[in-house]
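Structural characterization, general
So you can see what is in the structure, the chains are spelled out below.
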Amino acid sequence: MIGLSLMENLAGSNNSKTIEYHAARYAFASDYVNGKKVLDVATGPGVGLNHLRSKAAVVDGCDIKENVLGYDNFFNDPIESLCGKEVYDVIVSFETIEH
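Residues numbered from 1 in each chain as written. Predicted model: local features only at pLDDT ≥ 70, side-chain atom pairs only at ≥ 80, totals over all residues. Heavy atoms only, no water.

Section: the overall build of the protein chain
Under the convention used in this document: Secondary structure elements are defined from DSSP: runs of H or I of at least 4 residues count as helices, runs of E of at least 2 residues count as strands, and each element is numbered from the N terminus. We call a residue buried when its accessible area falls under 20% of the maximum for its residue type, exposed when it is over 50%, and partly exposed in between, using a 1.4 Å probe and counting protein chains only. It only takes one pair of heavy atoms within 4.5 Å for two residues to be counted as in contact.
Counting secondary structure elements, the protein chain contains 3 helices and 4 strands. Across the 99 residues that make up the protein chain, the buried fraction comes to 37%. In the protein chain, the share of contacts with a sequence separation of at least 24, taken over all contacts with a separation of at least 6, comes to 40%.

Re the packing of aromatic side chains
Within a pair of aromatic rings, the relevant descriptors are the distance that separates the centres and the angle that separates the planes. Keep this limit in mind: Each Phe, Tyr or Trp ring (for Trp, its six-membered ring) is paired with any other whose centre lies within 6.5 Å, and the angle between the two planes then decides the class: stacked below 30 degrees, edge-to-face above 60, tilted in between.
Counting across every chain of the model gives 2 aromatic pairs. With centroids separated by 5.3 Å and ring planes inclined at 55 degrees, the aromatic side chains of Phe28 and Tyr32 adopt a geometry described as tilted. Residue classification places Phe28 among the exposed residues on the basis of a relative accessible area of 52%.

Digging into helix α2 (residues 16–30)
Where we set the bar: Residue count minus one, scaled by 1.5 Å, sets the expected span of a helix. Regarding the arc, it is the one traced by the directions from the helix axis to the C-beta atoms.
In a regular helix each residue adds 1.5 Å, so 15 residues correspond to 21 Å; α2 covers 21 Å between its end C-alpha atoms and thus fits that length. When we look at burial in α2, the residues that qualify are Ile19, His22, Ala23, Tyr26, Ala29 and Ser30. On an axial view of α2, the arc spanned by its buried residues comes to 125 degrees, and they lie on one face.

Details of the pairing of strand β1 (residues 37–41)
Formally: A strand pair is defined by DSSP finding two or more bridges across the two strands.
When you tally the buried positions in β1, you get 4 out of 5 residues, the bulk of the element. Pairing of β1 with strand β2 (residues 58–62) involves 5 bridges; the strand directions are parallel. Residue pairing in the sheet places Val38 in a bridge with Val59 of β2.

Re the confidence of the model for the protein chain
For the record, the criterion: Known as pLDDT, the predictor's confidence for each residue is given on a scale from 0 to 100.
Mean pLDDT over the protein chain works out to 75, with 64% of the residues at or above the 70 mark. Here helix α1 (residues 4–7) stands out as the least confident element of the protein chain, with mean pLDDT 44; strand β4 (residues 90–92) is the most confident, with 93. Within the model, the stretch residues 1–11 combines pLDDT values under 50 with 24 contacts to residues more than four positions away or in other chains.

In structure tokens form, the structure reads like this:
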């Protein structure tokens, strides 16, 4: 499970249940990324990237917002800019549509 220290940067939330739900989603996804190339679409501040990196070979994050945590593999572009440029084994996207 993702520790609270990693999730404490979750943008706009001081609610422990919200943080717990986000952590559970990344923990679930991590079961499917072992040794794979992963893209986290609409990653927000990128708080789940390190959790995915603990098992994946490569993890990239993309979001239209600024890369507030300073991750190297973060694209500050819409997903359309990545289409056709990279091939990923797994793509995750949590809480994207309602935002």
